[in-house]
Amino acid sequence: MTKKAIFIPLAVLIVVGLLTFAGCKRHGHHQGAEFMVDYVSEVLDLTDAQRADLDQIKAEFMAKAEQMHADKDVMKADILAQLNREEMDADELKRIAALHRARMDEFIDLGIDRLVEFHKTLTPDQKAKLVQKLEDCERWHRP
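Residues numbered from 1 in each chain as written. Predicted model: local features only at pLDDT ≥ 70, side-chain atom pairs only at ≥ 80, totals over all residues. Heavy atoms only, no water.

**Let's talk about a nonpolar patch on the surface**
Inference 1: Taken together, the side chains of Leu80, Leu83 and Met88 present a nonpolar region at the surface, about 290 Å² in accessible area.
Inference 2: Counting through the fold element by element, leucine 83 comes out in helix H3 (residues 48–84). (Patch = residues over 30% accessible without salt bridge, like charges linked within 9 Å, V, L, I, M, F, W, Y side chains within 5 Å. Areas by Shrake-Rupley, 256 points an atom, 1.4 Å probe, with all protein chains shown as cover. Salt bridge = Lys/Arg side-chain N within 4 Å of Asp/Glu carboxyl O. Helix = DSSP H or I, 4+ residues; strand = E, 2+ residues; numbered from the N terminus.)

Encoded structure:
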């Protein structure tokens, strides 16, 4: 199976999951993450140990997201510097894009690894609730 064939359904699943668990209200990153953890905990009726695992995952994601945000500012500055030049350097722009892509791949890999680890802690009933919630979300958001 090609990487693209795996990546697209996985990306859709992650986005649908985030939309399901983040709600419709606008939140700051920290508020949205906390809301998501609370919502998942309630919907799946997580144990204290599972909730602690989920809080740890949230903290790890928030730290990684903050680092990526700082890196994004550097990337923007590098692109603006290229735009201000008399002649843009295609190799430098490709290097900037490749670096950004690599960081995004790291973030996606982290998400997959943590999802797999967390999934192992779920009971069959919790897994069924999770699948049902995602299917419901798909029906609600698709005509």
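**Section: a negative patch on the surface**
Inference 1: A cluster of acidic residues, Glu86, Glu87, Asp89 and Asp91, forms a negative patch on the protein surface.
Inference 2: Position of glutamate 87 relative to the elements: it lies in the loop between H3 and helix H4 (90–121).
Inference 3: With relative accessibility at 65%, the residue glutamate 87 sits in the exposed group. (Lys, Arg positive; Asp, Glu negative; His and termini not counted. Charge placed at Lys NZ, Arg CZ, Asp CG, Glu CD. Buried < 20%, exposed > 50% of the residue type's maximum accessible area, 1.4 Å probe, protein only.)

**Some words on the nonpolar core**
Inference 1: In terms of nonpolar packing, the biggest core is built from 10 residues, these being Val37, Val40, Leu44, Leu46, Leu54, Ile57, Phe118, Leu122, Leu130 and Leu134.
Inference 2: Taken together, the elements giving at least two residues each to this core come down to helix H2 (29–44), H3 and helix H5 (124–141). (Core = buried A, V, L, I, M, F, W, Y, C linked by side-chain atoms within 4.5 Å.)

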